[in-house]
Amino acid sequence: MDGLYQDLRYGLRGLARNPGFTLAALLTLSVGIGANSAIFSVVEAVLLRPLPFAAPNRLVTVWETNPGQGRDHDRPSPGNVADWRRRSRAFSGLAVFHPGTATLRDEQGPAAVSAVKVSPDFFQLLGVEAALGQAFRSPEVSGAAYNLAEQYLSGDRVAVLSDALWRRRFGSDPAIAGKSISLDGLPWRVAAVMPPGFAMPPEEDGLWVAWDIPRTFANFAGGPPRDFRFVHVLGRLAPGVSRERADADLASLATTLAAEHPKENRGWSARTVPLHDELVGSARQGLLVLFGATALVLLLACVNVAGLQIARLAARQRELAVRLALGATAWRLQRQMVTESLVLALAGGGLGLAGGQRAVDGLLALQPAGLAGLEQVELNPRVLAFTFVIACLAALAAGLAPALRGEAPASRLGGGRSKSAVPGASGGAGLRRALVIGELAMAVVLLVGAGLFARSFATLRAVDPGFRPENLLVMRIALDNASYKHAAQSEAFYRALIARLEALPGVRSAGAVTALPMSPVGIDFDRPFWRQGEADPGGAALKADIRMATPRYFQTMGMRILEGRAFSAADRKGSPPVVVVNQTLARQVWPGGRAVGRQVVIDYQRGPYPYEVVGIVNDTRFHGLRSTPRPEIFIPHAQNPYLATNVVIHTAGNPRRLVNAARREVAAVDRAQPVHSVVTMEELVAGSLAADRFAALLLAVLGGVALLLAGTGVFGLLSYLVSRRTPEIGLRVALGARRRDVLGMVLRESLAMALLGALAGIALALALGPVVGHLLYGIRVTDPWTLGGVAAFLAVLALAAAYLPARHALQIEPTAALRGE
């Protein structure tokens with residue numbers, strides 16, 4: 001310990017005597033450590049931290065699959081879920097939920113809120129207790145909770161508030177439990193308030209309402225439907241049951257249900273997905289790729305500091321020789337160097353931690369919406385421990401190599417070139433060349449990644465979405481059942497609203513649709529269809545996404561009617577049922593033939609019914625620019641009115657300028673109906689690109705940092721290599737070598753190192769290709785323009801880094817260079 005204390009004191013004094021070296025090393029390490037600390041904070045919150053539920057590793061989501069139709073992630077049908085509940089022994093519980101919206105009315109006026117319908121056992125299955133009151137539970141439990149559930153099942157409407165909604169809308173009223181609130185014009189009794197941060201599904205500012213599924217579908221002849229697949233299912237695995245066993249149990253049940261209900265279930269099966277994986281989604285691999293990129297940045301920083309240490313070590317030859325002469329061992333000198341590196345790394349870690357936490361704020365501002373766990377990103381003991389560990393590893397990486405393979409201290413106090421007895425003294429030049437090659441290889445990997453993601457994002461942005469996003473304002477409206485009990489009332493509301501909107505100055509046209517491209521909300525479902533005259537294919541029928549649209553919706557969106565016509569005012573209740581289909585459906589059903597004037601049978605609300613195709617509209621990238629167009633069928637809203645739609649307004653200028661005017665028109669038609677959201681179509685498209693933009697931007701930043709570190713590091717190392725060869729250069733010139741030839745020799749050697757580094761980096765980038773390949777769009781990991789461009793750029797960088805010190809060395813007179821030797 002005394003020796004360590006002496007090493008620390010001596011190291012601190014030495015660092016203080018070299019402020020330039022100390023500042024450069026601290027800044028370099030703080031960049032690498034800070035980047036890793038920031039990304040790890042996000043990785044820890046999103047990927048490593050367990051969900052805040054009881055035994056979260058036993059929670060799964062359940063999805064239906066149909067391999068024949070290429071479907072592996074479909075929401076289950078209520079009828080099938082009912083059978084799973086009765087027959088499966090793989091789960092100790094299965095809860096159902098369905099996200100939606102509701103209109104909350106109180107003395108503050110109407111407000112749109114998130115309202116998730118959940119089965120009575122939802123909170124019980126998650127194992128989460130309310131912070132205030134008691135959340136409803138399944139009727140199987142005893143005592144007060146049983147009575148509460150019984151009251152609900154006998155007609156009592158029960159709601160549970162989120163903590164955020166309770167504070168924002170009800171002023172944190174401690175006596176809210178038991179009070180009545182108005183949702184969609186009906187009274188609902190507040191049972192409880194959930195604890196802060198509870199969000200399932202991820203929506204903190206909303207509420208949950210008890211949902212009696214059997215009563216909801218009591219009028220259905222066969223019970224809850226099996227061909228409407230729209231609910232979300234949470235399951236808790238029974239004790240001792242693995243996911244593999246649960247999947248096998250569901251597959252067996254699917255075979256039974258296909259035999260019992262062939263029309264709805266033939267070809268369908270089911271599988272489980274861990275709840276944590278479902279919430280994280282595809283972000284897992286993207287975050288791990290970013291984490292790996294920041295690790296390379298840290299390695300680059302360590303290599304830079306190692307290069308600085310080597311240069312500093314050469315300047316300390318006399319000091320080390322004195323210490324050797326006074327009895328210090330080679331091991332003691334090496335320990336001194338590692339101790340100094342540890343001091344630097346810990347100080348850099350402190351700076352990096354502070355900077356990393358500021359960087360987290362930037363990450364959260366840029367991150368794509370809907371990623372669970374980001375609200376919990378914080379500086380906690382796990383992040384602190386990680387930062388400390390990587391600081392220690394950085395100290396070893398930056399200090400151990402120079403200590404073991406650095407320059408040999410002179411054996412004579414007066415200088416000279418003879419070797420000392422320090423082990424590993426030879427080979428210092430080889431180490432420095434290896435560091436140059438390593439820095440360039442790591443920089444190539446990061447720059448190739450940044451280039452690939454940038455080109456992928458640019459390619460994705462250039463994809464035609466199938467509509468014109470410019471100058472479009474979108475309002476989400478959901479009329480309540482209590483005020484609009486009849487379909488004619490809903491149709492009249494939207495007809496009047498669209499007429500008023502189109503009369504506004506600066507509005508070119510307006511329309512409405514039940515589900516809008518790129519929008520995360522809307523009534524989105526698919527139904528079986530087939531050509532008129534064919535037999536019902538049953539479970540083998542193709543499915544199309546059904547949308548209700550007003551007459552000028554296609555014109556407002558800038559979509560193209562390729563054949564036939566769009567809807568008109570004549571397509572109303574009582575007129576012949578008509579549809580407009582998209583290109584994909586027309587090609588599937590009538591390949592090479594004319595679709596307009598034909599009839600398609602849709603198994604929809606009133607059962608299989610023929611509709612006449614009056615038009616074909618172009619395909620859209622409905623679920624994002626990466627998505628493939630699916631069959632779509634549009635039905636006139638007037639023939640089948642819905643309460644909730646997305647109203648789209650095409651403006652002559654900036655659509656944001658019409659927000660207040662549009663809200664006033666909604667209030668003029670019905671003041672009691674709130675506007676749920678107002679966005680521009682360009683914002684929706686940008687939101688669909690958020691994950692790709694986030695990855696491209698962050699990798700571009702990391703690539704820029706890598707370029708800066710590699711540029712400075714390579715310049716420093718090559719400068720030092722050339723400076724050590726100054727006597728050799730002077731001797732060559734003194735013996736008659738032309739300066740141009742000597743310069744070419746130095747540049748050729750630098751270029752050789754650059755090419756080796758580029759080749760090593762490209763090989764590593766290609767090896768990592770399978771990890772990132774599926775995250776790219778429209779571009780391959782082997783893209784020659786990206787690989788060749790990065791390699792050529794870094795070769796030029798290495799030549800520039802070698803040219804300046806070589807030119808400086810050639811300007812020294814040969815006699816002066818030889819005297820230095």
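In every chain, residue numbers begin from 1 and rise along the written sequence. It should be noted that, the model being predicted, local features are given only for residues of pLDDT at least 70 and side-chain atom pairs only at 80 or more, the latter also being counted only at that level, while totals for whole chains, interfaces and linings use all residues. Side-chain measures were taken over the full set of non-hydrogen atoms in the model, leaving aside hydrogen atoms and water.

Chemist: Kindly report on the overall build of the protein, identifying the contributing residues and their values.
Modeler: In this text, helices come from DSSP runs of H or I with a minimum length of four residues, and strands from runs of E with a minimum of two, each type numbered from the N-terminal end. A tally of regular secondary structure across the protein gives 26 helices and 22 strands. In the protein, which comprises 821 residues, the proportion classed as buried is 53%. Methods summary: accessible areas were calculated by the Shrake-Rupley approach with a probe of 1.4 Å, and residue burial reflects only the protein chains presented. Here the protein has roughly 35,400 Å² of accessible surface; of this, 60% comes from carbon and sulfur atoms. Residue burial is assigned from relative accessible area. The probe radius is 1.4 Å, only protein chains are included, and a residue is buried under 20% of its type maximum, exposed over 50%, and partly exposed in between.

Chemist: Please set out the packing of aromatic side chains residue by residue, giving values where relevant.
Modeler: For Phe, Tyr and Trp, rings pair up if their centres lie within 6.5 Å, where Trp contributes its six-membered ring, and each pair is then called stacked (planes under 30 degrees apart), edge-to-face (over 60) or tilted (otherwise). This model, assessed by the stated rule, comprises 18 aromatic pairs. When the ring of phenylalanine 123 is compared with that of tryptophan 208, the centres are 5.9 Å apart and the planes differ by 80°; the resulting orientation is edge-to-face. Within this pair, whereas phenylalanine 123 is found in helix 4 (residues 122–126), its partner tryptophan 208 is found in strand 9 (residues 206–210), the two being separated by 85 residues in sequence. No difference in accessibility class separates phenylalanine 123 from tryptophan 208, as the two residues are buried. Look at phenylalanine 291 and phenylalanine 386: their rings are 5.8 Å apart centre to centre, the planes differ by 45°, and that puts the pair in the tilted class. Separated by 95 residues along the polypeptide, phenylalanine 291 in helix 11 (residues 283–315) and phenylalanine 386 in helix 14 (residues 381–405) bring together distant segments of the chain. What makes phenylalanine 291 partly exposed here is its relative accessible area of 22%. The class of phenylalanine 386 is buried, set by a relative accessible area of 16%. Taken together, Phe53, Phe97, Phe122, Phe123, Phe136, Phe198 and Trp208 form an aromatic cluster joined through their ring pairs. Above the face of the phenylalanine 228 ring, arginine 527 is positioned so that its terminal group lies 3.9 Å from the ring centre. Two limits define a charge over a ring: the Lys NZ or Arg CZ must be within 6 Å of the ring centre, and within 35 degrees of the ring normal.

Chemist: Explain the packing of helix 3 (residues 78–87) against helix 8 (residues 243–260) to me, and be specific about the residues and the numbers.
Modeler: Only the stretch in contact is used when fitting a helix axis, every axis being a line fitted to C-alpha atoms; angles between N-to-C directions are given from 0 to 180 degrees. One way to put it is that helix 3 packs onto helix 8 with a least axis distance of 11 Å and a crossing angle of 125°. In this view, helix 3 runs oblique relative to helix 8, as classed from their interaxial angle. Crossing hand, helix 3 versus helix 8: right-handed. Here Asn80, Asp83, Trp84 and Arg87 of helix 3 come into contact with helix 8, specifically with Leu250, Leu253, Thr256, Leu257 and Glu260. Along the lines of polarity and charge, the residues of the contact of helix 3 with helix 8 split into four nonpolar, two polar and three charged. Should an angle fall under 35 degrees it is called roughly parallel, over 145 degrees roughly antiparallel, and 65 to 115 degrees roughly perpendicular, with every other angle called oblique. Left-handed is the label given to a crossing in which the near helix is rotated counterclockwise from the far helix by less than a right angle, and right-handed is the label when the rotation is clockwise. Throughout, a residue-residue contact means that at least one pair of heavy atoms, one from each residue, lies within 4.5 Å. Three classes are used, and their members are as follows: Ala, Val, Leu, Ile, Met, Phe, Trp, Tyr, Cys and Pro are nonpolar, Asp, Glu, Lys and Arg are charged, and the others, Gly among them, are polar.

Chemist: Provide a residue-level description of the pattern of salt bridges, including the pertinent values.
Modeler: One side chain can pair with another of opposite charge once the charged atoms of both are near each other. Think of a salt bridge as a Lys or Arg side-chain nitrogen and an Asp or Glu carboxyl oxygen that are within 4 Å of each other. Here the structure, examined in full by the defined rule, presents 33 salt bridges. We note a salt bridge from glutamate 260 to arginine 87, for which the minimum N-O separation is 3.0 Å. A residue pair is termed long-range when its members are at least 10 positions apart, and glutamate 260 in helix 8 and arginine 87 in helix 3 qualify at 173 residues. The exposure class of arginine 87 is partly exposed, given its relative accessible area of 34%. Notably, a salt bridge pairs glutamate 534 with arginine 531, separated by 2.8 Å at the nearest N-O pair. Under the relative-accessibility criterion, glutamate 534 is labelled partly exposed at 36%. Judged by relative accessible area, which is 32%, arginine 531 ranks as partly exposed.

Chemist: Give a description of the nonpolar core that names residues and reports values.
Modeler: Put simply, a nonpolar core is a bunch of buried Ala, Val, Leu, Ile, Met, Phe, Trp, Tyr and Cys residues held in one set by side-chain atoms that sit within 4.5 Å of each other. In this structure, Leu516, Tyr553, Met557, Phe634 and Met681 are the most contacted members of the largest nonpolar core, which totals 95 residues. Element by element, the count of residues in this core is highest for helix 15 (residues 428–461), at 16 residues.

Chemist: Please provide a residue-by-residue account of helix 8, values included.
Modeler: At 3.6 residues per turn, the α-helix brings residues three or four places apart onto the same side. For helix 8, which comprises 18 residues, the first-to-last C-alpha distance of 25 Å matches the rise-based estimate of 26 Å (1.5 Å per residue) to within 8%. When helix 8 is considered as a whole, its buried residues turn out to be Ala246, Leu250, Leu253, Ala254, Leu257 and Ala258. Angular distribution of buried residues about the axis of helix 8 spans 140°; they occupy a single face of the element. Exposed and facing more than 90 degrees away from the buried side of helix 8 are Glu244, Arg245, Thr255 and Ala259. By this rule, a helix spans an expected 1.5 Å times one less than how many residues it contains. What the arc measures is the spread of directions leading from the helix axis to the C-beta atoms.

Chemist: Please give an account of the environment of leucine 275 that cites residues and values.
Modeler: Relative to the elements of secondary structure, leucine 275 occurs in helix 10 (residues 275–280). Of the residues examined, leucine 275 reaches a relative accessible area of 1% and is grouped as buried. Taking C-alpha positions, leucine 275 is 9.2 Å from valine 62, a pair spaced 213 residues apart along the chain. Contacts of leucine 275, omitting those with residues within four sequence positions, involve Leu51, Phe53, Leu59, Val60, Thr61, Met200 and Leu234.

Chemist: How would you explain the confidence of the model for the protein if you had to name every residue and give the values?
Modeler: Overall, the prediction assigns the protein a mean pLDDT of 84, with 89% of residues at 70 or greater. Per residue, pLDDT captures the predictor's confidence, and it can take any value from 0 to 100. In the model, residues 140–150 has pLDDT below 50 throughout and makes 15 contacts with residues more than four positions away in sequence or in other chains. Here residues 410–427 scores under 50 on pLDDT; set against residues more than four positions off or in separate chains, the count is 32 contacts.

Chemist: Go over the pairing of strand 3 (residues 91–106), please, and point to the residues and values.
Modeler: In short, DSSP must find at least two bridges between two strands for them to pair. Where strand 3 and strand 10 (residues 232–237) come together, six bridges link them in antiparallel fashion. The residue of strand 10 that forms the bridge with valine 96 is valine 233. Note that strand 3 and strand 4 (residues 109–118) share 10 bridges and pair antiparallel. The residue of strand 4 that forms the bridge with arginine 105 is proline 110. Hairpin connection between strand 3 and strand 4: a loop of two residues separates the two successive antiparallel strands. With two bridges connecting them, strand 3 and strand 7 (residues 180–183) associate as antiparallel partners.

Chemist: Can you lay out helix 6 (residues 163–170) for me, pointing to particular residues and giving the numbers?
Modeler: Buried within helix 6 we find Asp163, Leu165, Trp166, Arg169 and Phe170. Angular distribution of buried residues about the axis of helix 6 spans 165°; they occupy a single face of the element. Downstream of helix 6 by a residue or two, glycine 171 has a phi angle that is positive, lying close to 60°.

Chemist: Tell me what's going on with unusual backbone geometry, and back it up with residues and numbers.
Modeler: Negative phi values dominate among residues other than glycine, just as trans dominates among peptide bonds. Backbone torsion omega between methionine 200 and proline 201 reads -5°, so that peptide bond is classified as cis. Mapped onto the secondary structure, proline 201 falls in the loop between strand 8 (186–193) and strand 9. In this structure, alanine 55 takes a positive phi of about 40° despite not being glycine. Topologically, alanine 55 is positioned in the loop between helix 2 (19–48) and strand 1 (59–66). One non-glycine residue, aspartate 184, adopts positive backbone phi at about 50°. By relative accessible area, which is 21% here, aspartate 184 ends up partly exposed.

Chemist: Hey, could you go over a nonpolar patch on the surface for me, with residue numbers and the actual values?
Modeler: A residue counts toward a patch only above 30% relative accessible area and without a salt bridge, and it is joined to like-charged neighbours within 9 Å or, for Val, Leu, Ile, Met, Phe, Trp and Tyr, to nonpolar neighbours within 5 Å. A surface patch of nonpolar side chains, amounting to about 520 Å² of accessible area, comprises Leu342, Leu346, Phe388, Val389, Leu393 and Leu396. Residue assignment for the nonpolar patch shows that the elements contributing at least two residues are helix 13 (330–366) and helix 14. Here valine 389 falls in the partly exposed class, since its relative accessible area comes to 45%.

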